[in-house]
Amino acid sequence: MTSETIISIFLGVGLAASVGFRVFLPLFALSLAAYFNVWDLNENWEWIGSLAALITLGVATIVEIFAYFIPWVDNVLDSFAVPLAAIAGTAVMVSTVANLDPVVTWSLAIIAGGGTATAIRGAGATGRLASSTTTGGLANPILATVETGTAAVVSIASIFAPILAAVLVIIILIIIFRIYRSLRPKAKT
């Protein structure tokens, strides 16, 4: 496995994790990177770097970001975002992974890309639902800000420093796992 392949995997995992926070923001970042020739995409995915894709993903990103600042609308969006995150996480992995057999690429994309995005999106949706129930949605814009900021930071790191992005993803997954463990009911002995 070449260093280019390893770096492309780190890019894909980082963007997939970002998709778990905001579905369109990492896709828009990837589109910008491809449009300005910062990152080369797989041959079948070069359309993501087109002007039409850039504009479409840019508009979708803006709409998604602002929609998450509306309490209760954000919960409705989460019901769509969980399955979309799995698809988009898989797509960003497939579009970025270089020099691997298609079976390995798709397997990696489904497991690492789709799995990471779904785990993060599921945790976010659960947190938002808890926030909506306990605060009547008043704390949801704070969660939206944190999620959008995290998606932006991890997306930018993925494109310009993929190894750093992979480290950030590991840290994010550890934090989610620790929160999950602290919240689940303790077994009585």
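Before reading further, recall that the structure is shown in the block above.
Residues numbered from 1 in each chain as written. Predicted model: local features only at pLDDT ≥ 70, side-chain atom pairs only at ≥ 80, totals over all residues. Heavy atoms only, no water.

S.K.: I'm lost on the packing of helix H5 (residues 102-135) against helix H6 (residues 140-160) in this one. Help?
M.R.: Each packed pair of helices is defined by two parameters, the angle between the axes and the distance between the axes. Relative to each other, H5 and H6 sit at 160°, their axes nearing to 9 Å. By the angle class used here, H5 and H6 are roughly antiparallel. Seen along the crossing, H5 lies across H6 with a hand that is right-handed. Between H5 and H6, the contacting residues are Arg121, Gly124, Gly127, Arg128, Ser131, Ser132 and Thr135 on the first element and Asn140, Leu143, Ala144 and Glu147 on the second. For the contact of H5 with H6, a count of residues per class yields two nonpolar, six polar and three charged. (Axes fitted to C-alpha atoms, helices over the stretch in contact; angles between N-to-C directions. Helix = DSSP H or I, 4+ residues; strand = E, 2+ residues; numbered from the N terminus. Parallel < 35°, antiparallel > 145°, perpendicular 65-115°, else oblique. Left-handed = near helix turned anticlockwise from the far one by under 90°. Contact = heavy atoms within 4.5 Å. Nonpolar A, V, L, I, M, F, W, Y, C, P; charged D, E, K, R; others polar.)

S.K.: Got a minute to help me understand the packing of aromatic side chains in this structure?
M.R.: The way to describe two aromatic rings as a pair is by their centre distance and the angle between their planes. The final tally for this structure, using the stated rule, is two aromatic pairs. Taken together, a centroid distance of 5.1 Å and an interplanar angle of 90° make the contact between Tyr35 and Phe36 edge-to-face. With a relative accessible area of 55%, Phe36 lands in the exposed category. The side chain of Arg22 reaches across the aromatic face of Tyr68, ending 4.0 Å from its centre. (Phe/Tyr/Trp six-rings, centres within 6.5 Å; stacked < 30°, edge-to-face > 60°. Buried < 20%, exposed > 50% of the residue type's maximum accessible area, 1.4 Å probe, protein only. Lys NZ or Arg CZ within 6 Å of the ring centre and 35° of its normal.)

S.K.: Is there a simple way to think about the nonpolar core in this case?
M.R.: A general tendency of soluble globular proteins is for nonpolar side chains to be buried together. If you look at the biggest cluster of nonpolar residues, it comprises 40 residues, and the most contacted ones within it are Val13, Val19, Leu30, Leu41, Trp45, Val92 and Met93. Of all the secondary-structure elements, those providing two or more residues to this core are helix H1 (3-21), helix H2 (24-35), helix H3 (51-67), helix H4 (73-96), H5, H6 and helix H7 (162-183). Of the residues forming this core, the biggest block, eight residues, is contributed by H1. Those residues in contact with Met93, other than ones at most four positions away along the chain, are Ile9, Gly12, Val13, Leu108, Ala109, Ala112 and Gly113. (Core = buried A, V, L, I, M, F, W, Y, C linked by side-chain atoms within 4.5 Å.)

Shape descriptors only; they carry no functional weight alone.
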